[in-house]
Each structure stands twice: as C-alpha cells, then as structure tokens.
Amino acid sequence: MKKLLVLFIVLCTVSCKKYVVSFEQPTNMKLDNLKLEVFLDKEKVQEINLKATEALPTYETVGLSVSGEGKHLLQVKAKDTTFNFEVKYPEEKYVRIITNLKTNGKIHVGILKQNYKYKS
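By convention here, each chain's residues receive numbers from 1 onward along its written sequence. For this predicted model, a pLDDT threshold of at least 70 governs which residues receive local features, and a threshold of 80 or more governs which side-chain atom pairs are given and counted, while totals over whole chains, interfaces and linings are taken from all residues. Think of the side-chain values as coming from all heavy atoms in the structure, minus any hydrogens and water.

Caption draft 1: Just the sheet that holds strand β1 (residues 18-24), in detail. Strand pairing is assigned whenever DSSP identifies at least 2 bridges connecting the two strands. The secondary structure listing takes helices from DSSP runs of H or I that are at least 4 residues long and strands from runs of E that are at least 2 residues long, numbered from the N terminus. Pairing is mixed across the open sheet formed by four strands, whose spatial order is β4-β1-β7-β8. The two strands at the open ends of the sheet, each matched to only one other strand, are β4 (59-65) and β8 (107-114). Across the sheet, the mean angle separating the axes of adjacent strands is 25° when strand polarity is ignored. Two elements, β1 and β4, share seven bridges in a ladder whose sense is antiparallel. Pairing of tyrosine 19 across the sheet is with leucine 64, part of β4. Angles run from 0 to 180 degrees between N-to-C directions of axes, and those axes are lines fitted to C-alpha atoms, restricted for helices to the stretch in contact.

Now the structure itself:
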C-alpha cells in the first residue's frame, strides 16, 4: 500500500500542471509585513507576508494548480486594493509578482510572465 501511495504522489507531481509563482520580497522597509492574499479564479489559494530586506530582493515561490484549458484569473489583494491578471498555461507558467510603493504612498503590484524559469 505504501508503494502505491508513493507512486501516486510521484505521478501527480510529475503530471500535474502548475503555475510557478514567485513573490519578490521588497527592499522598501515600508512594505515589511505587508499581507498579500492570492486568488486563482476568485478562490483564495495563498496568503503571503512580505519580509523586506535591505540587500538584494529574495523570492518566496509557490505552485498553483492549473485546471481545464489553462486560462485563469490571478488576483492579488494588498490592503484594500485587488490587482487582476490573466495567466495562460503553458505560455505563461512562470510568474513573478512584484510589490512596489509609489511616490504618492499607494501600493502597486506588478507581474512578469513567461514560459521558462527566471534566473535569479
């Protein structure tokens, strides 16, 4: 039974389609401990707390499952603002989300999408 379970986990890991989403940790200390809520097709899938760093940005990476045709609505909520992005699998399976603070003090969330891994 254990072998069957291990085989199932391995097959699911290999065959399951996933978006690889990396959240850039900011260098702006005003964004430290900012909570981001991540929704895929309006369903909450992840909650990220940003940890500001004074050095180079670091990344927290998660895998979000793809279903159906691979076209999904990715939403990121920061405080009282929701940012909407359309992502397509497999053309845009690697996603990087970047949070910035504008000069007027408002938070902005940007996205980069591509079909191959980002180089850190």
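Caption draft 2: Molecular detail of the layout of surface pockets. The definitions used throughout rest on a 1 Å grid laid over the protein atoms alone, on which a cavity is an enclosed set of points accommodating a 1.4 Å probe that cannot get out and a pocket is an open set flanked by protein within 12 Å on both sides along at least five of seven lines; lining residues are those having an atom within 4 Å of a point. Grid points are joined across faces, edges and corners, and a volume is the space filled by probe spheres set on the points. Here the largest pocket is characterised by a volume of approximately 180 Å³. In this structure, the largest pocket is lined by Lys30, Leu31, Asp32, Leu34, Ala78, Lys79, Asp80, Thr81, Leu101, Gly105, Lys106 and Ile107. Taken together, the residues of the lining of the largest pocket break down into five nonpolar, two polar and five charged. When residues are grouped by polarity, Ala, Val, Leu, Ile, Met, Phe, Trp, Tyr, Cys and Pro land in nonpolar, Asp, Glu, Lys and Arg in charged, and all others, Gly among them, in polar.

Caption draft 3: Inspection of the pairing of β1 at higher detail. The rule is simple: take the accessible area with a 1.4 Å probe, protein chains only, and divide by the maximum for that residue type; under 20% is buried, over 50% is exposed, in between is partly exposed. Most of β1 sits inside the fold, with five of its seven residues counted as buried. Two elements, β1 and strand β7 (residues 94-101), share four bridges in a ladder whose sense is parallel. Within β7, the residue paired with phenylalanine 23 across the bridge is isoleucine 97.

Caption draft 4: Spotlight on the pattern of salt bridges. By convention in these notes, a salt bridge is any Lys or Arg side-chain nitrogen within 4 Å of a carboxyl oxygen on Asp or Glu. Tallying each qualifying case throughout the model produces five salt bridges. Across the salt bridge formed by glutamate 37 and lysine 44, the nearest N and O atoms sit 2.9 Å from each other. According to the relative accessible area criterion, glutamate 37 is buried, its value standing at 16%. Of the residues examined, lysine 44 reaches a relative accessible area of 40% and is grouped as partly exposed. For glutamate 86, the salt bridge identified is with lysine 88, shortest N-O distance 4.0 Å. Overall, lysine 88 belongs to the partly exposed group, its relative accessible area being 34%. Overlapping salt bridges, with partners in common, bring together Glu37, Lys44 and Glu47 in one network.

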